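Structure assessment
Chain by chain, the residues run as shown.
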Amino acid sequence: MTDDDYGAIPEQARDRWRQLVSVINEARNAYYQHDAPTIADDEYDRAFRELLELEERYPQLQTGDSPSLSVGGRRAEMFAPVEHLVRMYSLDNAFTDDELEAWLQRVSKGAGQVGDFLCELKIDGLAVDAVYVDGRLRTLATRGDGRVGEDVTYNAAFIDAVPKVLSVAKGASVKQVPPLLEVRGEVFFPVAAFDRLNVEQLAMGASPFANPRNAAAGSLRQRIDRRQQDLAEAESKAGERGKSKVERLRKELDLAVGRLAELRFTVHGIGAIDGASIQRQSQGYTLLAALGLPTSERAKVVPDAAGVRAFIAHYGQHRHDVEHEIDGVVVKVDDLAVQAQLGETSRAPRWAIAYKYAPEVVRTRLLDIAVNVGRTGRVTPFAVMEPVRVAGSTVSMATLHNADEVVRKGVLIGDMVFLRKAGDVIPEVLGPVVEVRTGNERAFVMPTTCPNCGTALRPEKAGDKDIRCPNARSCPAQLRERLAHVGSRGAMDIEGLGDKSAAALLDCGLVQDEGDLFALTEQDLLRCPFFTREPSKGETGTQLSENAKAMLAQIDVARTRPLWRVLVALSIRHVGPTAAQTLARTYGSLRAIADAETAELSQVDGVGGVIAEAIREWFAVDWHRAVVEKWYANGVQLTEERVQTGPGLLDGLTIVITGSLPGFTRDSATAAVTDRGGKAAGSVSKKTDLVVAGESAGSKLDKALSLGVPVVGPDGFAALLESGLPAALANRTDGPQA
DNA sequence: CACCCTCGAGTTCA
DNA sequence: CTCGAGGGTG
């Protein structure tokens, strides 16, 4: 039983097809009408390929308006599709050393004798396919989907680095030029040319290219033919008036051609070849070089896995000493017989891998610096950037902390900026690429009034770097953020109460502030479309959505949360989980804390004059006290039994937990420590007694090792909770020192 | 009064 | 993760 021809088409497939068609058509329109792609090329290719596959399976889908029927559609008008003689595979990636080792293992298992490896740099450029017939360039095409690419032969004429005619070098081992030769390589801009190009782009008022790959693709895609036609046309009917137009067109053509001339080309593979036989990949390179094709001087044959590691390590150190940008190293099994033995998967050869260097710094355009108002009124500038892929995800925003920080980083709005992921997670703007400044950039000016409520901003205290919106009572941003904070994991932990629902509750007028939260009823929520859904069969009237019901249930459960969570939820300045826990433990009720003298409060460990005063001031505000009263009236528990904890197993110990531990969440692991009288600190210092490192532990582990703080794994953590520090230390994983 | 250690706050993307 | 800033110690 097959789905072919007359089988029913699953609804999913039809939906997906519609989705793909709209993505593709949209991308084509954007590209041809505005010359500005909405999606990345590989995304387009992926969508197109998926469409073809889908239509192959369900031919009924291929209606007359499918983009697949106009192969490349309008794209074909630009650059005709070219089928590669031999399919161009993509390469599997290794992002970590472990993945590299796994590949080395697989290779040695899959082949009896692997022999040499060929290591080469992975150039950040555009993969192309060149076909030479009788030594003459017949076609140059982009990689496309690996089977079919776009014909850019016309432009190839202007790329000096791509040989148009091959000839045999004197003294070469080959006797003659092969009658048919298909080579693969990378077209790229050297870093210096790339920077110049971006300066040019900016001068023309166009966006700079984010990376050399985009620049190479953009340059290769230029309609040189059309520009030439336009120029010829203008010249033929050039009156006095048309003269400036001719000049302009000529200048543009020169620029476009000049760009192509700056492209470099490095070959790194053979597709089809007639009239020559080779046994090794490296031998192939020698042959190509002998024919006058540009091969990399940096490719190196190494005898074993150790050689591979050394090559990778070397260029990891000297990444930026090369004239082009490198995103990694390609490792290939050199022996073609072994390559054949290992074979290919459906998408990539098993005999090669692309090792990608890990910590990435990319460039992108700083479009704007906007400001955000947080729950405490703090005004934080953040960078709004052209979305760019860095270290595994697409980033478009990054915090800039405060106005001083913007000045310190020296970035201007409109700058090209360096961006990285700090700790591989949090995007961080490093600074501007000053070389490509045009003078059109403008400095960021910190607003003086709140963008949300218009209140004049001011620092809380003289000398503070942060400036704040003092309108805590009615600034919409602060209200929303505070409300969402009540629901957050560190506070009352109400699932379903986040930014979105907080905004909805306020917009619909269901709450005036966080005080009304615990009085919410089903009837209330029904008045707000955000929390409702259409009635299904058999129901009458608008219904509460499942999410809304769940949120109400969570709000109900939250009424009996421990006192410290209530304290955190109130957003009292400087009172976070740690201070709240000591306060709750010391006083046992919110009333006692509200009534305490500042002198008394500041005796509490971790609470000093500033925090004590902040607490007193908070409770002195009428509407703050009203919040507490409303919560109390609606059943929120404001006291807790002071559990007399006997001497704990971990009394006086400071433990830092990093990474993920099997069987624990971050919170439950810290709770396990504090329950036993220990202190679960957030950062490692000399005072740390023990670091518990779980899966994928990060910089804290490094810090511990450098400070000589003992480190244990999950086993050690179990021992710690069971029988204390000495038992845990028996499980040290950092190489115990005496 | 330095300094170091912590905490709080804001924050990104899938 | 990073910055700012409070708390505590020498």
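A few points on the structure.

**Here we look at the environment of Asp225**
- Topologically, Asp225 is positioned in helix H8 (residues 224-236).
- A sequence separation of 28 residues divides Asp225 from Leu253, and the C-alpha atoms of the two residues are 9.5 Å apart.
- Only 2.8 Å separates the side chain of Asp225 from the side chain of Arg223, close enough to count as a polar contact.

**What about the sheet that holds strand S15 (residues 416-422)?**
- The sheet built from five strands is open, its strands ordered S14-S13-S12-S15-S16 with antiparallel pairing. Edge positions in the sheet fall to strand S14 (393-399) and strand S16 (426-432), since each of these pairs with one other strand and no more. This sheet shows a mean twist of 40° between the axes of neighbouring strands, independent of strand direction.
- In this structure, strand S13 (residues 379-390) lies alongside S14, joined through six bridges in antiparallel fashion. Within S14, the residue paired with Val388 across the bridge is Val395.

**Side note on helix H4 (residues 97-110)**
- Taking 1.5 Å as the rise per residue, H4 with 14 residues should run 20 Å; its terminal C-alpha atoms sit 20 Å apart, in good agreement.
- Leu100, Trp103, Leu104 and Val107 are the residues of H4 that are buried. Take H4 and look down its axis: the buried residues cluster within an arc of 100°, on one side only. In H4, the exposed residues that point more than 90 degrees away from the buried face are Asp98, Gln105, Arg106 and Lys109.
- Looking at the buried residues of H4, the elements they touch are strand S2 (93-94), strand S3 (117-123), helix H11 (305-317), strand S10 (326-333), helix H12 (336-342) and strand S11 (352-356).

**Here's the deal with the packing of helix H22 (residues 609-620) against helix H23 (residues 622-633)**
- Contact pair H22 / H23: the axes reach a minimum separation of 5 Å and the direction vectors enclose 80°. On the basis of the axis angle, H22 is roughly perpendicular to H23. Judged by residue contacts, Trp618, Phe619 and Ala620 of H22 engage Asp622, His624, Arg625 and Val628 from H23.
- Here the residues of the contact of H22 with H23 sort into four nonpolar, one polar and two charged.

**Topic: the pattern of salt bridges**
- Going through the model one piece at a time under the given rule, you end up with 30 salt bridges.
- The partner of Arg298 in a salt bridge is Glu323, with the nearest N and O atoms 3.3 Å apart. Of this pair, Arg298 sits in the loop between helix H10 (281-290) and strand S9 (300-302) while Glu323 is found in the loop between H11 and S10, placing the two residues 25 residues apart along the sequence.
- Taking the relative accessible area as the measure of exposure, Arg298 reaches 25% and is therefore partly exposed.
- A cluster of three or more residues bridged by salt bridges with shared partners is formed by Glu405, Arg408, Lys409, Arg420 and Glu428.

**Examining the pairing of S15**
- Two elements, strand S12 (residues 361-373) and S15, share five bridges in a ladder whose sense is antiparallel. Opposite Val361, over in S15, you have Arg420 as the bridge partner.
- Taken together, the six bridges between S15 and S16 define a ladder with antiparallel strand orientation. Bridge assignment links Lys421 to a residue of S16, and that residue is Pro427.

**Some details on the sheet that holds S10**
- Pairing in this open sheet of five strands is mixed, and the strands run S2-S11-S10-S3-S9 from one edge to the other. The sheet terminates laterally at S2 and S9, the two strands that pair on one side only.
- Sheet analysis places S2 next to S11, joined by two bridges and oriented parallel. Among the inter-strand pairings, Asn93 is bridged to a residue of S11, identified as Ala354.
- Of the strands in this sheet, S2, S3, S10 and S11 are in contact with H4, which crosses S11 at around 170°.
- Here H11 sits on the sheet in contact with S3, S9, S10 and S11, set at roughly 20° to S3.

**Describing helix H9 (residues 243-262)**
- Between the first and last C-alpha of H9 there are 29 Å, a value that for 20 residues agrees with the 28 Å anticipated at 1.5 Å per step.
- For H9, the full list of buried residues reads Val246, Leu249, Leu253, Ala256, Arg259 and Leu260. For H9, the buried positions fall inside an angular range of 155° around the axis, keeping them on one side. Residues of H9 that are exposed and point more than 90 degrees away from the buried face comprise Ser244, Glu247 and Lys251.

**Thoughts on unusual backbone geometry**
- A positive phi angle, close to 70°, is found at His401, a residue other than glycine.
- Structurally, His401 is set in the loop between S14 and helix H13 (403-409).

**With respect to the environment of Gly171**
- With respect to the helices and strands, the residue Gly171 is situated in the loop between helix H5 (153-156) and strand S7 (180-188).
- Residues Gly171 and Ala290, 119 residues apart in the sequence, show an inter-C-alpha distance of 8.8 Å.

**A closer look at the protein's contact with DNA strand B**
- In the vicinity of DNA strand B, 27 residues are found, and the nearest of them are Asn372, Arg375, Ser396, Gly576 and Ser685.
- Take the atoms of DNA strand B that sit within 4 Å of the protein: sugar and phosphate atoms are 96% of them.
- In the environment of DNA strand B, a sugar or linking oxygen lies 3.5 Å from a nitrogen or oxygen atom belonging to the side chain of Arg378.
- Between DNA strand B and Met397 there is a distance of 3.5 Å, counted from a phosphate oxygen to a backbone nitrogen or oxygen.
- Ranked by residues supplied to the surface near DNA strand B, first place goes to S14 with seven residues.
- Residue classes in the surface near DNA strand B are distributed as nine nonpolar, 14 polar and four charged.

**Some words on the state of the cysteines**
- Scanning the entire structure with this criterion turns up one disulfide.
- Each sulfur in the disulfide pair Cys508 and Cys528 lies 2.2 Å from the other. Between Cys508 and Cys528, the S-S dihedral sits near 55°, and the bridge is therefore right-handed. Of the two residues, Cys508 is situated in the loop between helix H15 (499-507) and helix H16 (522-526) and Cys528 in the loop between H16 and strand S17 (532-533); the sequence distance between them amounts to 20 residues.
- Overall, Cys508 belongs to the partly exposed group, its relative accessible area being 28%.

**Thoughts on the nonpolar core**
- Of all hydrophobic cores here, the largest spans 57 residues; its most connected members are Ile494, Leu505, Leu517, Leu525 and Leu583.
- Elements with a minimum of two residues in this core: helix H14 (476-487), H15, helix H17 (546-558), helix H18 (563-569), helix H19 (577-587), helix H20 (590-595), H22 and H23.
- Among the domains, domain 3 (476-558) and domain 4 (563-633) are the pair contributing at least three residues each to this core.
- Non-local contacts of Leu525, meaning those with residues more than four positions away in its chain, are made with Leu505, Leu510, Leu520, Phe531, Thr532, Leu544, Ala548, Met551 and Leu552.
- Counting residues in hydrophobic clusters, the runner-up holds 44 residues, among them Tyr132, Leu220, Ala290 and Leu293.

**Points about the environment of Pro662**
- Residue placement: Pro662 occurs in the loop between strand S19 (654-658) and helix H24 (666-675).
- Classification of Pro662 as exposed rests on a relative accessible area of 62%.
- Along the primary structure Pro662 and Gly694 are separated by 32 residues, whereas in three dimensions their C-alpha atoms are 7.9 Å apart.

**Describing the pairing of S11**
- Along S11, five of the five residues are buried, which leaves the element largely enclosed by surrounding structure.
- Here S11 shows a buried face lined by Ala352, Ala354 and Lys356 and a second buried face lined by Ile353 and Tyr355.
- Sheet topology note: the S10/S11 ladder contains five bridges and is antiparallel. If you follow Val329 over to S11, its bridge partner there is Tyr355.

Cut-offs applied
- Residues numbered from 1 in each chain as written.
- Chains lettered and ligands numbered in written order.
- Predicted model: local features only at pLDDT ≥ 70, side-chain atom pairs only at ≥ 80, totals over all residues.
- Heavy atoms only, no water.
- Helix = DSSP H or I, 4+ residues; strand = E, 2+ residues; numbered from the N terminus.
- Polar contact = N/O pair within 3.5 Å; in protein donor to acceptor, adjacent residues only side chain to side chain.
- Pairing = 2+ DSSP bridges.
- Axes fitted to C-alpha atoms, helices over the stretch in contact; angles between N-to-C directions.
- Expected span 1.5 Å × (residues − 1).
- Buried < 20%, exposed > 50% of the residue type's maximum accessible area, 1.4 Å probe, protein only.
- Arc of directions from axis to C-beta.
- Contact = heavy atoms within 4.5 Å.
- Parallel < 35°, antiparallel > 145°, perpendicular 65-115°, else oblique.
- Nonpolar A, V, L, I, M, F, W, Y, C, P; charged D, E, K, R; others polar.
- Salt bridge = Lys/Arg side-chain N within 4 Å of Asp/Glu carboxyl O.
- Near = heavy atom within 4 Å.
- Disulfide = S-S within 2.5 Å.
- Core = buried A, V, L, I, M, F, W, Y, C linked by side-chain atoms within 4.5 Å.
- Domains from an automatic or database assignment.

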